[in-house]
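Descriptive analysis of the structure
Residue-level listing of the chains:
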Amino acid sequence: MRDATLGVVEQLSIEDAYLYTPSVHEDERGTFREWFRGDRLSEVIGHRLNLAQANCSVSRRGVLRGVHFADVPPGQAKYVTCVSGAVLDVVVDIRVGSPTFGQWQAVEMDDRLGQGLYVGEGLGHAFMALSDRATVVYMCSESYAPGREHGVHPLDPDLAIAWPADLEPRLSRKDAAAPTLAEAREKGMLPVYDECVAFYAKMRGTGL
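Residues numbered from 1 in each chain as written. Predicted model: local features only at pLDDT ≥ 70, side-chain atom pairs only at ≥ 80, totals over all residues. Heavy atoms only, no water.

Looking at an unreviewed UniProt entry, one finds the chain named dTDP-4-dehydrorhamnose 3,5-epimerase, with Sphaerisporangium flaviroseum as its source organism. Recorded in UniProt under Function (unreviewed entry), the annotation for the chain is "Catalyzes the epimerization of the C3' and C5'positions of dTDP-6-deoxy-D-xylo-4-hexulose, forming dTDP-6-deoxy-L-lyxo-4-hexulose." Within the UniProt record for the chain, the comment given under Pathway (unreviewed entry) is "Carbohydrate biosynthesis; dTDP-L-rhamnose biosynthesis." (UniProt positions renumbered as here; feature names shortened; annotations may be inferred.)

Here we take up the layout of surface pockets. In this structure, the largest pocket encloses a volume near 530 Å³. Around the largest pocket, the lining comprises 30 residues; the ones closest to its centre are His68, Lys78, Tyr138, Tyr144 and Glu149. Breaking the lining of the largest pocket down by element, the ones donating at least two residues are strand 6 (53–60), strand 7 (64–70), strand 12 (124–129), strand 13 (133–140), strand 14 (149–151) and helix 2 (173–176). Among the elements that line the lining of the largest pocket, the one with the most residues is strand 7, at 6 residues. Grouping the constituent residues of the lining of the largest pocket by class yields 12 nonpolar, 11 polar and 7 charged. (1 Å grid on protein atoms, 1.4 Å probe; cavity = no way out; pocket = protein on both sides within 12 Å on 5 of 7 lines; lining within 4 Å. Points joined across faces, edges and corners; volume = space filled by probe spheres on them. Helix = DSSP H or I, 4+ residues; strand = E, 2+ residues; numbered from the N terminus. Nonpolar A, V, L, I, M, F, W, Y, C, P; charged D, E, K, R; others polar.)

So, on to the sheet that holds strand 12. Read from one edge to the other, the open sheet built from 5 strands follows the order 10-9-12-7-14, with strand pairing classed as antiparallel. At either margin of the open sheet sits one strand with a lone partner, and together these are strand 10 (104–110) and strand 14. Neighbour-to-neighbour, the strand axes of the sheet open up by a mean angle of 25°, direction not taken into account. Relative to strand 10, strand 9 (residues 86–92) is paired through 7 bridges, and the arrangement is antiparallel. Each residue of the ladder has a partner; that of Leu88, found in strand 10, is Glu108. (Pairing = 2+ DSSP bridges. Axes fitted to C-alpha atoms, helices over the stretch in contact; angles between N-to-C directions.)

What follows deals with the packing of aromatic side chains. Under the counting rule described, the total for this entry stands at 4 aromatic pairs. Taking 6.5 Å as the distance between ring centres and 50° as the angle between the ring planes, the aromatic pair formed by Trp35 and Phe36 counts as tilted. Between Trp35 and Tyr79 the ring centres are 5.9 Å apart and the planes differ by 35°, which places this aromatic pair in the tilted class. Residue Trp35 is located in the loop between strand 5 (30–32) and helix 1 (38–45), and its partner Tyr79 is located in strand 8 (residues 78–84); the two are separated by 44 residues in the primary sequence. Exposure remark for Trp35: the relative accessible area of 30% places this residue in the partly exposed category. Chaining the aromatic ring pairs together yields one cluster made of Trp35, Phe36 and Tyr79. The ring of Phe101 is capped by Arg185, whose NZ or CZ atom sits 5.0 Å from the centre of that ring. (Phe/Tyr/Trp six-rings, centres within 6.5 Å; stacked < 30°, edge-to-face > 60°. Buried < 20%, exposed > 50% of the residue type's maximum accessible area, 1.4 Å probe, protein only. Lys NZ or Arg CZ within 6 Å of the ring centre and 35° of its normal.)

Structure representation (structure tokens):
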């Protein structure tokens, strides 16, 4: 979906993940951009993004957060942007039964382009700070609930996410202790693709 005035919305190689590149308006005063357009997002996902929580994460260079996900339903969709510095943002398809299960796509985001990344319910999300200091803000469709929040190890060799080779990953103790994708699947932790699809359809039917 392309519009020179409104920016560009592109579906990633993983279903239910979209990248929005806004138009940046610049003059002698500085720049202006619309980093989120609810109407544009609704057109592509088929329903409004429920806004339940907004987070701000400040990270030092090399900090790696994720891969995080939540039980579906209700899951937790995210709309992510980098407002300062630069990050490598990664979407991972962890939905058992998905045609792209175990695959990932990385997008480099920074404060210059101001792109927004939509990560649908049931998908895994992670990012690494590329700059000395990087600030990421993201809106969530559901509030944080520890009992249904989970993680997959971002350095899982089977996932083989191509994190920058020149950076030493800095993980939290929780993320460092996360299971591999295979271990999480064996434990029944992962979302199921058919259940996610049914949940998406329900949201589209109600308009939520």
